[in-house]
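# Structural description and commentary
The chain contents come next:
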Amino acid sequence: MSDRAVLHVKGRVLVGPDEVRDELWIVDGRISYDRPAYARDITTVEGWALPGLVDAHCHVGLGPQGPVDAATAEKQALTDREAGTLLIRDAGSPSDTRWVDDREDLPKIVRAGRHIARTRRYIRNFAHEIEPDELVAYVAQEARRGDGWVKLVGDWIDRDLGDLSPSWPRDAVEAAITEAHRLGARVTAHCFAENSLQDLVEAGIDCIEHATGLTDELIPLFAARGVAIVPTLVNIATFPDLAAGGEAKFPRWSAHMRRLHERRYDTVRAAYDAGIPVYVGTDAGGSLAHGLVAGEVAELVTAGIPPVDALAATSWAARAWLGRPGLEEGAPADLVVYGSDPRADVRVLASPRRVVLNGQVVE
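Below or above, wherever it landed, is the structure these notes cover. Within each chain, residue numbers correspond to sequence positions counted from 1 in written order. Since the coordinates come from a predicted model, pLDDT governs what is reported: local features require at least 70, and pairs of side-chain atoms require 80 or more to be given and counted, while whole-chain, interface and lining totals use all residues. Excluded from the side-chain calculation are hydrogens and water; included are all heavy atoms of the structure.

## Some thoughts on the overall build of the chain
Note the threshold: For helices the rule is a DSSP run of H or I covering at least 4 residues; for strands it is a run of E covering at least 2, with both sets numbered from the N terminus onward. Remark: exposure states derive from per-residue accessible area (1.4 Å probe, protein chains only) relative to the maximum for the residue type, with buried under 20%, exposed over 50%, and partly exposed in between. Any two residues whose heavy atoms approach within 4.5 Å are treated as being in contact. None of His or the chain ends enter the tally, which takes Lys and Arg as positive and Asp and Glu as negative. We put the charge of a Lys on NZ, of an Arg on CZ, of an Asp on CG and of a Glu on CD.
Helix and strand counts for the chain come out as twelve helices and 20 strands. C-alpha extents for the chain along the principal axes are approximately 70 × 40 × 35 Å. Across the 363 residues in the chain, those meeting the buried criterion constitute 55%. Long-range contacts, defined as pairs at least 24 residues apart, comprise 65% of the intrachain contacts of the chain with a sequence gap of at least 6. Each charge sign in the chain was given a centre, from 40 positive and 55 negative side chains, and these centres are 2 Å apart.

Right, here's the structure in full:
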């Protein structure tokens, strides 16, 4: 007879957007839909259960000045956990956060290594800053260090032009993406502007972060190539303040940033309508607070994405995209329980009733 403790989740278990079960059982940190024959004690949690939420653009170990110490990184991860984020795609960090993998009480992280940027064309202390002839070598290095992703900085302000411009020539980025794919890694890129996107997509990129420069002319190319976007709308909300801060020195850039901000919702909705995969990411870390995943889902709904699809972008669909399980039989028990149906109102995501990570109630 087993003396194992069992957690019983009862109510409505949202295995998928249309697949709902009445209960699940957690034994030895794993999900089961069969009641265990024997147990030492059973703890019951009631409510609406979702797979642990996904933040597909987050930075653990990164602060406004660059890398942070382990205590600060731990606090960042715990803040995300409290919000129900149990799976993070870390879209670039200068810190080594492998120690997180040994902590059963912290979210799971899929790392993209460190950002790779053009020399003096990104935020100081964030990225490897290199020239195009070094790009293939650095992409290969970060592909080996990461967990199946590499992060490029695709565009940034060019101080001579006074506006955003592409970071890399087409031949360099094409060779780098080819090398990443050879090593089994996918590639994503930070892109605000319009003029870096066609080369990156035609070079074989897998995802674009922010994607504020996506235009009606480019949308069919993204859709045909299956390139995903992670809009980070809670970050794009900061564009007016950034523009105001740079107005005196870079008026052309400031005006451009305001235009990108003004059309942000139309851009995301047009991408969704065209069938471009859209996923939730907050861009937490650097200067943005952690724990904003509920706000980002709400922003996608404001942009016109149906609530169930916005929810999928941080749960079922996002986990499948990153190759991680949801609430399947035998999967690690990472889930969040809410007091009402999040499909009906995504705002409920801001108030988790219980957070379960590796089978343990942690919040």
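## Considering the packing of helix α7 (residues 239-246) against helix α8 (residues 251-262)
Under the convention used in this document: To obtain each axis, a line is fitted to C-alpha atoms, and for helices this fit is confined to the stretch in contact; angles are then taken between N-to-C directions over 0 to 180 degrees. In what follows, roughly perpendicular refers to angles from 65 to 115 degrees, roughly parallel to angles under 35, roughly antiparallel to angles over 145, and oblique to any angle outside these ranges. Residue polarity follows a fixed list, in which Ala, Val, Leu, Ile, Met, Phe, Trp, Tyr, Cys and Pro are nonpolar, Asp, Glu, Lys and Arg are charged, and the others, Gly among them, are polar.
Remark: α7 packs on α8, axes separated minimally by 8 Å, with the N-to-C direction vectors making an angle of 170 degrees. Considering their axes alone, α7 and α8 lie roughly antiparallel with respect to each other. Note on element contacts: α8 touches α7 through Pro251, Trp253, Ser254, Met257, Arg258, Leu260 and His261, opposite Phe239, Pro240, Leu242, Ala243, Ala244 and Gly246. Its residues placed into classes, the contact of α7 with α8 shows nine nonpolar, three polar and one charged.

## Re α7
To be explicit about the condition: Note: the arc covers the axis-to-C-beta directions of the helix.
Listed as buried for α7 are Phe239, Ala243 and Gly246. Projected down its long axis, α7 carries its buried residues within an arc of 70 degrees, all on one side. In α7, the exposed residues that point more than 90 degrees away from the buried face are Asp241 and Gly245. Buried residues along α7 sit against α6 (233-236) and α8.

## What to know about the layout of surface pockets
As a reminder, the rule being used: Points on a 1 Å grid over protein atoms alone make up a cavity when a 1.4 Å probe fits among them but cannot get out, and a pocket when they form an open set with protein on both sides within 12 Å along at least five of seven lines; lining residues each have an atom within 4 Å of a point. Grid points are joined across faces, edges and corners, and a volume is the space filled by probe spheres set on the points.
Its boundaries defined by the atoms lining it, the largest pocket holds a volume of some 850 Å³. Taken together, 30 residues line the largest pocket, and the ones lying closest to its centre are Tyr122, Ile123, Phe126, Trp156 and Leu242. Only β13 (155-158) and α8 provide two or more residues apiece to the lining of the largest pocket. Here the residues of the lining of the largest pocket sort into 14 nonpolar, ten polar and six charged. Space inside the second largest pocket adds up to approximately 210 Å³. Classifying every residue of the lining of the second largest pocket gives two nonpolar, five polar and seven charged.

## Observations concerning α8
Threshold: An expected span of 1.5 Å times one less than the residue number is assigned to each helix.
Taking 1.5 Å of rise per residue, the twelve residues of α8 would be expected to cover 16 Å, and the 17 Å separating its terminal C-alpha atoms lies within 8% of that figure. Along α8, the residues that are buried comprise Trp253, Ser254, His256, Met257, Leu260 and His261. The arc that holds every buried residue of α8, seen down its axis, measures 160 degrees, which confines them to one face. Across from the buried face of α8, at angles greater than 90 degrees, the exposed residues are Arg252 and Glu262. In this fold, the buried residues of α8 make contact with β13, β14 (163-166), α6, α7 and α9 (264-273).

## What to know about the nonpolar core
What counts is decided by this rule: By convention a nonpolar core is built from buried Ala, Val, Leu, Ile, Met, Phe, Trp, Tyr and Cys residues, the set being connected through side-chain atoms within 4.5 Å.
Core analysis: the biggest nonpolar cluster contains 60 residues, and Leu135, Leu152, Ile205, Ile208, Phe222 and Leu300 have the highest contact counts within it. By residue number, the principal contributor to this core is helix α3 (residues 170-182), which donates five residues. Judged by nonpolar contacts, the second largest core, of 18 residues, contains Leu62, Val153, Phe250 and Trp253.

## Looking at the pairing of strand β19 (residues 354-357)
Put simply, the test is: The criterion for strand pairing is that DSSP finds at least two bridges linking the strands in question.
Direction of pairing for strand β18 (residues 335-338) relative to β19: antiparallel, over a ladder of three bridges. When the bridges of β19 are listed, valine 337 appears paired with arginine 354. Taking the residues that link successive antiparallel strands as the turn, the β19-strand β20 (residues 360-361) hairpin has two residues, and the phi of asparagine 358 there is positive, at about 55 degrees.

## Description of empty space enclosed by the protein
Within the structure shown, the criterion is met by one cavity of 30 Å³ or more. Lining the largest cavity are His210, Ala211, Thr212, Pro231, Leu233, Arg264, Thr267 and Val268. It is α9 that contributes the most residues to the lining of the largest cavity, three residues altogether. When its residues are assigned to classes, the lining of the largest cavity shows four nonpolar, three polar and one charged.

## Quick word on the pattern of salt bridges
Under the convention used in this document: Note on definitions: salt bridges are taken to be side-chain nitrogens of Lys or Arg within 4 Å of carboxyl oxygens of Asp or Glu.
If you walk through the whole model with that rule in mind, you get 23 salt bridges. Taking the shortest distance from any N to any O, the salt bridge between aspartate 163 and arginine 252 comes out at 3.5 Å. Taken together, the residues aspartate 163 in strand β14 and arginine 252 in helix α8 connect sequence positions 89 residues apart. The partner of arginine 170 in a salt bridge is glutamate 174, with the nearest N and O atoms 3.3 Å apart. One end of the pair, arginine 170, and the other, glutamate 174, are both in helix α3, four residues apart, so they sit about a helical turn from each other. By relative accessible area, arginine 170 is classed as partly exposed at 28%. We classify glutamate 174 as partly exposed; its relative accessible area is 33%. Overlapping salt bridges, with partners in common, bring together Arg98, Asp101, Arg111 and Asp147 in one network.

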